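Tertiary structure, described
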Amino acid sequence: MDDIVKAALKKWPTVPHCYGWLALDARGDWYMRDDRTQAAGPFPQVKGSRIVHDKLREFIQRNYEHDERGGWFFQNGPQRVYVELEAAPWVWRLHAAASGAPRVESHTGLAAAFQAASVDEHGRLFLVTGLGLGLVHTLDMEAAADAVAHGAWPLVQTTHAELLVRHGVVLRPAPP
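A short tour of the structure in this document, coming up.

Parameters at a glance
Residues numbered from 1 in each chain as written. Predicted model: local features only at pLDDT ≥ 70, side-chain atom pairs only at ≥ 80, totals over all residues. Heavy atoms only, no water. Helix = DSSP H or I, 4+ residues; strand = E, 2+ residues; numbered from the N terminus. Rg over C-alpha atoms; globule rule 2.2 N^0.38 Å. Buried < 20%, exposed > 50% of the residue type's maximum accessible area, 1.4 Å probe, protein only. Areas by Shrake-Rupley, 256 points an atom, 1.4 Å probe, with all protein chains shown as cover. Lys, Arg positive; Asp, Glu negative; His and termini not counted. Charge placed at Lys NZ, Arg CZ, Asp CG, Glu CD. Polar contact = N/O pair within 3.5 Å; in protein donor to acceptor, adjacent residues only side chain to side chain. Contact = heavy atoms within 4.5 Å. Pairing = 2+ DSSP bridges. Phe/Tyr/Trp six-rings, centres within 6.5 Å; stacked < 30°, edge-to-face > 60°. Lys NZ or Arg CZ within 6 Å of the ring centre and 35° of its normal.

**Re the overall build of the protein**
Looking only at helices and strands, the protein has five helices and 13 strands in total. The globule rule puts the C-alpha radius of gyration for 176 residues at 16 Å, and the 17 Å found for the protein is close to it. Expressed along its principal axes, the backbone C-alpha trace of the protein runs to roughly 50 × 35 × 30 Å. Across the 176 residues in the protein, those meeting the buried criterion constitute 44%. As displayed, the protein offers around 9,400 Å² of accessible surface, 55% of which is attributable to carbon and sulfur atoms. Positive and negative side-chain charges in the protein, numbering 18 and 20 respectively, have mean positions lying 5 Å apart.

What follows is the structure, encoded as structure tokens:
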């Protein structure tokens, strides 16, 4: 977390949390969802405005965390902005390795150590890493298929709902 964010939390510890205004899709893109967008329909059917400003995306990604109830949020100064997730809190990008399975990296740029692989009822590939549960990016499915085919990533069949419960992930956080 950025030092400026930590300082703001100390200065204003009781700022109310924000819900519904930020979302993360299955490709690792962030979306702003204003009142009009939220009224037009739920995420991801109505996504909102994709955040393309590099510095803003980087700020969100550096201050992206989760709470004890499984909700993921962006700590924006003193305000916790909860994130609606399309599939999982992480979107994994894969990079070729000298040998064996590909290296795994989060959509935020963090390295992640592979622990397990699961495919859900929709055929989506999820990996569990030291960072938690995430979805493999669609552009990296060929590398993932190779890792599965060569036995580096044994697959477990499951459902999306089971994965979320097992890993304590809430897709649409709401006030307690």
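**Points about the side chain of D29**
Tracing the backbone shows D29 in the loop between β1 (18-24) and β2 (30-32). Here the side chain of D29 touches R50 through a polar contact of 3.5 Å, side chain to side chain. Beyond its immediate sequence surroundings of up to four residues, D29 is in contact with A23, L24 and R50.

**Regarding the environment of A174**
Note that A174 resides in the segment after α5 (160-166). Taking C-alpha positions, A174 is 6.6 Å from Y19, a pair spaced 155 residues apart along the chain. When neighbours within four sequence positions are excluded, A174 is seen to be in contact with Y19 and R69.

**Side note on the sheet that holds β1**
Strand pairing in a sheet relies on backbone hydrogen bonds. The paired strands run either parallel or antiparallel. Spatial strand order, β3-β2-β1-β6-β5-β4: six strands in an open sheet with mixed pairing. Both outer strands of the open sheet, β3 (49-50) and β4 (64-66), are each paired with one neighbouring strand and no more. Here β1 runs beside strand β6 (residues 79-85); their pairing, made up of four bridges, is parallel. Paired with L24 across the bridge in β6 is L85.

**So, the sheet that holds strand β11 (residues 125-129)**
If you trace the seven strands from one edge of the open sheet to the other, you get β9-β8-β7-β12-β11-β10-β13, paired in mixed fashion. The open sheet has two edge strands, β9 (111-112) and β13 (155-157), and neither has a second partner.

**Here's the deal with the environment of E105**
Looking at where E105 falls in the secondary structure, it is placed in strand β8 (residues 103-106). Among the residues examined, E105 registers a relative accessible area of 25% and is labelled partly exposed. Along the backbone, E105 and T129 are 24 residues apart, and their C-alpha atoms lie at a distance of 9.8 Å. In this structure, E105 is in contact with V91, W92, R93, H95, L110 and A111, ignoring residues within four places of it in sequence.

**Here we look at the packing of aromatic side chains**
As enumerated under the stated definition, the model contains ten aromatic pairs in all. Taken together, a centroid distance of 6.0 Å and an interplanar angle of 15° make the contact between W90 and W92 stacked. With relative accessibility at 0%, the residue W92 sits in the buried group. Positioned above the aromatic ring of F73 is the side chain of R80, whose terminal nitrogen or guanidinium carbon lies 3.9 Å from the ring centre.

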